[in-house]
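Next come the chains, spelled out residue by residue.
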Amino acid sequence: MAVCIAVIAKENYPLYIRSVPTQNELKFHYTVHTSLDVVEEKISAVGKALGDQRELYLGLLYPTEDYKVYGYVTNSKVKFVIVVDSSNTSLRDNEIRSMFRKLHNSFTDVMCNPFHNPGDPIQSKAFDGIVSGMMVQTG
């Protein structure tokens, strides 16, 4: 399961970041923001190769000693980043894809809320519940 989940706006500012355990929060903020360079690189490479048709799932962005960072980009250029523990070898690529699909569907529900202003930080309890279900349970 994930140790950090982030939603980054088209303009590269965070709309939502949640991490477990919370004492490593700054470290995960740094990890998410450093992954944005890789996301932009992959988007531009795919955009040149396939024109307008592209895969939303970017796959493994980069591994670190402790974590693996995965990326996903919506059609509106909103980026999702999921950080998982490297020691979790049972997590397959299709499970990561499923997590991104669930996250994207929940994000779409938030954006369809008439009381949510696009570009504002996400404060939806339903979205938070979906993210909590994907996070590593500690304790």
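Refer to the preceding data block for the structure.
The rules behind the values
- Residues numbered from 1 in each chain as written.
- Predicted model: local features only at pLDDT ≥ 70, side-chain atom pairs only at ≥ 80, totals over all residues.
- Heavy atoms only, no water.
- Helix = DSSP H or I, 4+ residues; strand = E, 2+ residues; numbered from the N terminus.
- Rg over C-alpha atoms; globule rule 2.2 N^0.38 Å.
- Buried < 20%, exposed > 50% of the residue type's maximum accessible area, 1.4 Å probe, protein only.
- Contact = heavy atoms within 4.5 Å.
- Salt bridge = Lys/Arg side-chain N within 4 Å of Asp/Glu carboxyl O.
- Pairing = 2+ DSSP bridges.
- Axes fitted to C-alpha atoms, helices over the stretch in contact; angles between N-to-C directions.

**Quick look at the overall build of the protein chain**
Link 1 in the chain: Within the protein chain, the regular secondary structure consists of 3 helices and 5 strands.
Link 2 in the chain: Along the protein chain, from the amino end to the carboxyl end, the secondary structure elements read β-β-α-β-β-β-α-α.
Link 3 in the chain: Since a compact globule built from 139 residues should have a radius of gyration of about 14 Å, the 14 Å found for the protein chain is in line with a globular shape.
Link 4 in the chain: Each principal axis of the C-alpha atoms in the protein chain carries an extent, and together these give about 45 × 35 × 25 Å.
Link 5 in the chain: Buried residues in the protein chain amount to 40% of all 139 residues.
Link 6 in the chain: Pairs at least 24 residues apart make up 54% of the contacts formed inside the protein chain by residues separated by at least 6 positions.

**Focus: the pattern of salt bridges**
Link 1 in the chain: Using the criterion set out here, one finds 4 salt bridges in the structure.
Link 2 in the chain: For aspartate 128, the salt bridge is made with arginine 18, and the minimal N-O distance between the two is 3.4 Å. Placement of the pair is aspartate 128 in helix α3 (residues 125–134) and arginine 18 in strand β2 (residues 14–19), with a sequence separation of 110 residues.
Link 3 in the chain: The exposure class of aspartate 128 is partly exposed, given its relative accessible area of 29%.

**Looking at the environment of aspartate 37**
Link 1 in the chain: As for its placement among the helices and strands, aspartate 37 is situated in helix α1 (residues 25–50).
Link 2 in the chain: When its relative accessible area of 59% is taken as the criterion, aspartate 37 is described as exposed.
Link 3 in the chain: As for aspartate 37 and valine 136, which are separated by 99 residues in sequence, their C-alpha atoms are 26 Å apart.

**Considering the side chain of histidine 116**
Link 1 in the chain: Its place among the elements puts histidine 116 in the loop between α2 (93–112) and α3.
Link 2 in the chain: Non-local contacts of histidine 116, meaning those with residues more than four positions away in its chain, are made with Val110, Met111, Pro121 and Ile122.

**What to know about unusual backbone geometry**
Link 1 in the chain: Omega for the peptide link from valine 20 to proline 21 comes to -5 degrees, which places this bond in the cis form.
Link 2 in the chain: Topologically, proline 21 is positioned in the loop between β2 and α1.
Link 3 in the chain: If you check the backbone angles, asparagine 12 has positive phi at about 70 degrees while not being a glycine.
Link 4 in the chain: With respect to the element layout, asparagine 12 can be found in the loop between β1 (2–8) and β2.
Link 5 in the chain: The exposure class assigned to asparagine 12 is partly exposed, which follows from its relative accessible area of 31%.
Link 6 in the chain: Residue lysine 77 is not a glycine yet carries a positive backbone phi of 70 degrees.
Link 7 in the chain: With respect to the helices, strands and loops of the structure, lysine 77 is situated in the loop between β4 (67–73) and β5 (79–85).

**Points about the sheet that holds β2**
Link 1 in the chain: The sheet built from 5 strands is open, its strands ordered β2-β1-β5-β4-β3 with antiparallel pairing. A single partner strand is all that each edge strand has here, and the edge strands are β2 and β3 (57–63). Between one strand and the next, the sheet's axes are offset by a mean angle of 15 degrees, whatever the strand orientation.
Link 2 in the chain: Judged from the 5 bridges that link them, β3 and β4 form a sheet pairing that is antiparallel. Paired with leucine 60 across the two strands is tyrosine 70, which belongs to β4.
Link 3 in the chain: Here α2 sits on the sheet and contacts β1, β2, β3, β4 and β5; the angle it forms with β5, its principal contact strand, is near 140 degrees.

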